[in-house]
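# A look at the structure
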Amino acid sequence: MCPDRRIDKIAASLLNRRLVPKFEQCHVANIIEGLFREKRHALTRKDAKILLDLDSHVRVDTDSSDLTRALSNIIDNAIDAIPERGEIQILVK
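For every chain, the first residue of its written sequence is number 1, and the numbers climb from 1 along that sequence. Side-chain atom pairs in this predicted model are given and counted only at pLDDT of 80 or more, local residue features only at pLDDT of at least 70, and totals for whole chains, interfaces and linings cover all residues. Computation of side-chain values: all heavy atoms of the structure, hydrogens and water removed.

What counts as a helix is a DSSP run of H or I of at least four residues, what counts as a strand is a run of E of at least two, and both are numbered from the N terminus. The secondary structure content of the protein chain amounts to 4 helices and 4 strands. Written out in order from the N terminus, the α and β elements of the protein chain read α-β-α-α-β-β-α-β. Along the three orthogonal principal directions, the C-alpha set of the protein chain runs to about 40 × 35 × 15 Å. Throughout, exposure labels follow a simple rule: accessible area from a 1.4 Å probe, protein chains only, divided by the maximum for the residue type, with under 20% read as buried, over 50% as exposed, and the rest as partly exposed. When burial is assessed residue by residue, the protein chain has 30% of its 93 residues classed as buried. Shrake-Rupley sampling with a 1.4 Å probe provides the accessible areas, and residues are treated as covered by the protein chains on show and by no other component. With an accessible surface of roughly 6700 Å², the protein chain has 54% of that area assigned to carbon and sulfur atoms. Neither His nor the chain termini are counted; the positive set is Lys and Arg, and the negative set is Asp and Glu. Note that the charge is assigned to NZ on lysines, CZ on arginines, CG on aspartates and CD on glutamates. Mean positive and mean negative side-chain charge positions of the protein chain (16 and 15 charges, respectively) differ by 2 Å.

This is the structure we're talking about:
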């Protein structure tokens, strides 16, 4: 993602952020799968390999926006850090 777009996205999310988190049951696997779909272009550019081992039954009580933002940042950092033809592995149990 272009640095300027990333900054705009972060600023917009901070401005739209709720003051009080909305806690709910979140399916971690669904969030991770959705994020990788969104980021497939960045992965394709690096010819990266993705290995996901996701237990679809794992849920956490959290604000889904906060969890999505945190996982997105982790995945972005992994994509930035891996070399060409690198590999990202995520295990959720």
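Another point: the nonpolar core. In summary, soluble globular proteins display a tendency toward joint burial of nonpolar side chains. Counting residues in each nonpolar core, the largest one holds 20 residues, and the members touching the most others are I32, F36, I88, I90 and V92. Of all the elements in the fold, those that place two or more residues in this core are α2 (28–38), α3 (40–45), α4 (64–81) and β4 (87–92). Looking at this core element by element, the count peaks at 6 residues for α2. Note on terminology: a nonpolar core comprises buried Ala, Val, Leu, Ile, Met, Phe, Trp, Tyr and Cys residues joined through side-chain atoms within 4.5 Å.

On to the packing of α2 against α4, then. At a minimum axis separation of 10 Å, α2 and α4 run at an interaxial angle of 50°. Compared by their axis directions, α2 and α4 come out oblique. In this structure, α2 meets α4 at a crossing whose hand is right-handed. Residue-level contacts link V28, I31, I32, L35 and F36 of α2 to L67, T68, L71, S72 and I75 of α4. Gly falls in the polar group here, along with every residue not listed as nonpolar (Ala, Val, Leu, Ile, Met, Phe, Trp, Tyr, Cys, Pro) or charged (Asp, Glu, Lys, Arg). The residue inventory of the contact of α2 with α4, partitioned by class, reads 8 nonpolar, 2 polar and no charged. Axis lines are fitted to C-alpha atoms, over the contacting stretch for helices. Their N-to-C directions set the angle, which ranges from 0 to 180 degrees. Here the angle decides the label: under 35 degrees means roughly parallel, over 145 means roughly antiparallel, 65 to 115 means roughly perpendicular, and every other value means oblique. Each crossing gets its hand from how the near helix is turned against the far one by less than a right angle, where anticlockwise is left-handed and clockwise is right-handed. Any two residues having at least one pair of non-hydrogen atoms within 4.5 Å are treated as being in contact.

The end-to-end C-alpha distance of α4 is 26 Å, a good match for the 26 Å that 18 residues give at a rise of 1.5 Å each. All of the buried residues in α4 are L67, L71, S72, I75, D76 and I79. All buried residues of α4 lie within an arc of 165° about the axis, which places them on one face of the element. Facing away from the buried side of α4, by more than 90 degrees, are the exposed residues I74, D80 and A81. Polar contact is defined as a pair of N or O atoms within 3.5 Å, subject to the rule that within protein one atom must be able to donate a hydrogen and the other to accept it, and that residues adjacent in sequence are counted only when both atoms are side-chain atoms. The distance from a side-chain oxygen at the start of α4 to the backbone nitrogen of S65 is 2.9 Å, and the residue carrying that oxygen is D63. Expected helix span is taken as 1.5 Å per residue step, with the number of steps being one fewer than the number of residues. Here the arc refers to the directions that run from the helix axis out to each C-beta atom.

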